[in-house]
Amino acid sequence: MAVFPWHSRSRNYKAEFASCRLEAVPLEFGDYHPLKPITVTESKTKKVSRKGSTSSTSSSSSSSVVDPLSSVLDGTDPLSMFAATAEPAATVDSSRKRRDRDENSIVGSDFEPWASKRGEILARYTTTEKLSINLFMGSEKGKAGTATSAMSEKVRTRLEELDDFEEGSQKELLNLTQQDYVNRIEELNQSLKDAWASDQKVKALKIVIQCSKLLSDTSVIQFYPSKFVLITDILDTFGKLVYERIFSMCVDNRSVLPDHFSPENVNDTAKETCLNWFFKIASIRELIPRFYVEASILKCNKFLSKMGISECLPRLTCMIRGIGDPLVSVYARAYLCRVGMEVAPHLKESLNKNFFDFLLTFKQIHGDTVQNQLVVQGVELPSYLPLYSPAMDWIFQCISYHAPEALLTEMMERCKKLGNNALLLNSVMSAFRAEFIATRSMDFIGMIKECDESGFPKHLLFRSLGLNLALADPPEGDRLQILNEAWKVITKLKNPQDYINCAEVWVEYTCKHFTKREVNTVLADVIKHMTPDRAFEDSYPQLQSIIKKVIAHFHDFSVLFSVEKFLPFLDMFQKESVRVEVCKCIMEVFIKHQQEPTKDPVILNALLHVCKTMHDSVNALTLEDEKRMLAYLINGFIKMVSFGRDFEQQLSFYVEARSMFCNLEPVLVQLIHSVNRLAMETRKVMKGNHSRKTAAFVRACVAYCFITIPSLVSIFTRLNLYLHSGQVALANQCLSQADAFFKAAISLIPEVPKMINIDGKMRLSESFLLEFLCNFFSTLLIVPDHPEHGVLFLVRELLNVIQDYTWEDNGDDKIRIYTCVLHLLSAMSQETYLYHIDKVDSNDSLYGGDSKFLAENNKLCETVMAQILEHLKTLAKDEALKRQSSLGLSFFNSILAHGDLRNNRLNQLSVNLWHLAQRHGCADTRTMVKTLEYIKRRSKQPDMGHLTELALRLPLQTRT
């Protein structure tokens, strides 16, 4: 192709805007409006589905608006139709889940389940002593007989197995560590499941009996609560297996047992099997395994009698009276309460009887038998009594659930009769509703004072009381007295761990009901107790909890930081990871609750210290997510700092912040944006007319950005900030500084790599570079030429960089950029530019349509056009015909929009490009048709008559 000259068409932007404006059509009241809500009414549909007839529908509606979905579906919902064809019989699994949910509906979500306590008990009650366990040695006799075996033979075999067990086919394992013991118990649990799955029901029962026997062993007494948790897991598994086995016998192909079934719905086979299980269990000789195994299948009584469970619970309660060891006894009662709450939570009378039985035998704890046992094992009473807490807390939780307030009064009276036993009192405060406890706070304090402190210290009772007062408010007149009474006991504690466990709870009460003076006193006392011998190093979780509670109640940070001991309290967090977590918590609360920008020096100094702590924790091993989180918190603080009209002080703050947070790139980016915003606020205040002082200040802001940007790592972040800062400089009439920003951006383009990391994935950078350059061109339109440089010197420099950049061989982004340059140069040749910056003279004002300027502009256009046409030729050689067609049509549209087609050579070039786009049948016919229609429509506008002749020269080719 020959070289074609470029002639930009003259543009009247105001007229073009006016012609593009939508025509205003007046609407009368009540006319349709697109934002008016549509009311869809329900359609009643009748369907006739006789074979050979068509479906007929009849709808009645009070509105003329028809639901298009209903009309298309003819009243039928495909999902409903699919569900209708599904099998009507529910599966056993779904019915079982629904049944279990209904049965437990009496126990709501406010009842803390046993599963939530399990992990805490296992973690708390441990031992280093050696343990022993009796393992059942499996026998081949226990395997299921063949299908041909006679029933009498099967019964004889099972009787032999039970006799074998009674004779003692067991193996005792000694000197087990705690972990070995836990592993053995887990093996027994798995053996139980395996035996059941292989139809060895007697073997499964033997395993459960053997495990239950372990609960009578208190030789390692500190481990007993954890042992109870492990063994009852096996009992729960066994109970579930037996129940599901009997339930499955009630289900056949024709019927499913209803959710709330009665014994009349159960067939005889299932009942006989159920009775058989109870008879087997009744034959167990020892009390403890007989009790536990029967309790585990308590739910199976539902298959036999409506009153079965209500009759069994009192009997099982009486069985526990035969257990002599009070620790074993109380955990047996806890298990009965647990099973009772699962299967019959409405039978509260039986649970209460279980509890009152416990109270009658409570004094056994201090009897000679227990004392002798403790001496033998070398266990002190203060270590022994807490072993009762999990069982007692659970029993109290069960009986207090939805219990009336009168029951608490009764419990308090019983506690007084038992001499205000501390262990009992603690369980009462842990179990009953916080509101009940809070209203009687002074009564409980009086009871705590009268408690015998031996065995169960008073500070634990005050801790339990504090936990309740954190959830419910005591009478207003008692609040200060309650705090004084509690703190008298807490502050006398010598053990730092005991002290901090109590103080942590009462800090929340203090923050909730008192002022910063009382909070400051409490914090000072905590510092006093935790600083000697660096005791704080062992109590970081509690100290963190205190900080969280304080900042949760003090959202006004000017008040918070005026608490004298708050910052010294922070100094106790010496471990870096913990200190950073605390700082993050503080900043999260600040960002969430600080409504107005602040310039309070107390807040600024304190939070700068907090943010500096977070920033200094960043190192080469810090994860990107962690860096992002820290940067987000620091940026949130920076955004909330405002000195009002004192812009110089604001800039000084940003300078200080830059020096403090130089390792977090997102923070530096935020600072650059903040300084640019500060410069624009200055411009707004001065209404664009800078004084000598404000002009110098704006130049200082620009210099801040120019110095900071090179320290960033991300190349596209630098490019965009150079562009953005150059625009701010231009808006503030800092022309030489703006030129410096734009030159820096141009010099940075050759450094753009081929691939960049975006959210952890490597992607080609050319599309991002194309987007940046398009924005850059829009800015270059209004940048005035420097008097000491040539015409359009920035555009020339940019074109040279684009030419030298190594582009993808199979890409067309370079040509798309050249097309955008052509649009820019066309806009620069106009007599008046499309937009301007106030108080800045662009080239349209400087050159005033000078012929030399226009000639230089046209030369650049011709150079760019030559590059585009050369690339189109190359595509023909490479047989990239589809790309050639697309680029050809794009270039045609650019000439149509920006070129003066009255020029014959440019007109001919456009015709050639039209033919090129359609050559080889690669063009989209619809696009070509619409383009031609647009040309014909434009030809009817004033001064566009020459497009009529052009339209006649643009034929449409059809594909054959």
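Residues numbered from 1 in each chain as written. Predicted model: local features only at pLDDT ≥ 70, side-chain atom pairs only at ≥ 80, totals over all residues. Heavy atoms only, no water.

Per an unreviewed UniProt entry, the protein carries the name VPS35 endosomal protein-sorting factor-like and comes from Canis lupus familiaris.

Visitor: So what about the overall build of the protein? Which residues, and what values?
Guide: Each helix and strand counted, the protein has 45 helices and four strands in total. Here the protein, with 960 residues, has 48% of them falling under the buried criterion. Contacts spanning at least 24 positions in sequence make up 73% of the contacts within the protein whose residues lie at least 6 apart. Total accessible area computed for the protein in this model is approximately 49300 Å², and 52% of it derives from carbon and sulfur atoms. (Helix = DSSP H or I, 4+ residues; strand = E, 2+ residues; numbered from the N terminus. Buried < 20%, exposed > 50% of the residue type's maximum accessible area, 1.4 Å probe, protein only. Contact = heavy atoms within 4.5 Å. Areas by Shrake-Rupley, 256 points an atom, 1.4 Å probe, with all protein chains shown as cover.)

Visitor: Could you give an account of the pairing of strand 4 (residues 761–764), naming the residues involved and the relevant values?
Guide: Sheet topology note: the strand 3 (residues 755–758)/strand 4 ladder contains four bridges and is antiparallel. Looking at the pairing, N757 lines up with M762 of strand 4. From the end of strand 3 to the start of strand 4, which pair antiparallel, there are two residues, and D759 there has a positive phi angle of about 55 degrees. (Pairing = 2+ DSSP bridges.)

Visitor: Got a sec to walk through the environment of N426? Specific residues and values, please.
Guide: Among the secondary structure elements, N426 is positioned in helix 19 (residues 422–431). When its relative accessible area of 7% is taken as the criterion, N426 is described as buried. Filtering out sequence-adjacent residues up to four positions away, N426 remains in contact with F456, L460, L461 and S464.

Visitor: Before we move on, could you go through the packing of aromatic side chains and cite the residues and values that matter?
Guide: Throughout the structure, instances matching the rule amount to 39 aromatic pairs. Centre to centre, the rings of Y509 and F514 are 6.0 Å apart; their planes meet at 65 degrees, and the pair counts as edge-to-face. Summarising the burial analysis for this pair, Y509 and F514 share the class buried. Where F772 meets F776, the ring centres are 5.7 Å apart and the plane angle is 40 degrees; that geometry is what we call tilted. Placement of the pair is F772 and F776 together in helix 37 (residues 766–780), with a separation of four residues, close to one helical turn. (Phe/Tyr/Trp six-rings, centres within 6.5 Å; stacked < 30°, edge-to-face > 60°.)

Visitor: So what's going on with unusual backbone geometry? Which residues, and what values?
Guide: For D199, which is not a glycine, the phi torsion comes out positive at approximately 65 degrees. The phi dihedral of L792 falls on the positive side, at around 50 degrees, and the residue is not glycine. Position of L792 relative to the elements: it lies in the loop between helix 37 and helix 38 (793–804). For L792, a relative accessible area of 2% gives the class buried.

Visitor: Which residues make up the side chain of H690, and what values do they have?
Guide: Looking at the element boundaries, H690 is found in the loop between helix 33 (665–685) and helix 34 (692–708). Classification of H690 by relative accessible area gives buried; the value is 19%. A distance of 3.1 Å separates the side chain of H690 from the side chain of T694, its partner in a polar contact. Among the polar contacts listed, one links the side chain of H690 to the side chain of N732, at a separation of 2.9 Å. Dropping the residues within four chain positions of it, H690 is found in contact with T682, R683, A695, V698, N732 and Q733. (Polar contact = N/O pair within 3.5 Å; in protein donor to acceptor, adjacent residues only side chain to side chain.)

Visitor: Before we move on, can you summarise the nonpolar core with the specific residues and values?
Guide: Residues Y384, W506, V526, F566 and F637 are the most contacted members of the largest nonpolar core, which totals 306 residues. Counting residues per element, this core draws most heavily on helix 9 (residues 224–249), which supplies 13 residues. Sequence-distant contacts of V526, defined by excluding residues within four places in its chain, comprise Y499, I500, A503, L543, I546, F569 and M572. (Core = buried A, V, L, I, M, F, W, Y, C linked by side-chain atoms within 4.5 Å.)

Visitor: Before we move on, can you summarise the confidence of the model for the protein with the specific residues and values?
Guide: Mean pLDDT over the protein works out to 83, with 84% of the residues at or above the 70 mark. Predicted confidence for residues 82–105 stays below pLDDT 50, and this span has 18 contacts to residues more than four positions away or in other chains. For residues 137–152, every residue scores under 50 in pLDDT, and the model assigns this stretch 13 contacts once sequence neighbours within four places are set aside. (pLDDT = per-residue confidence, 0-100.)

Visitor: How would you explain helix 32 (residues 647–660) if you had to name every residue and give the values?
Guide: Across its 14 residues, helix 32 extends 20 Å between first and last C-alpha, which sits within 8% of the 20 Å expected from 1.5 Å per residue. What helix 32 keeps buried is the set F647, Q650, L651, F653, Y654, A657 and M660. Against helix 30 (601–616), helix 31 (624–639), helix 33 and helix 34 lie the buried residues of helix 32. (Expected span 1.5 Å × (residues − 1).)

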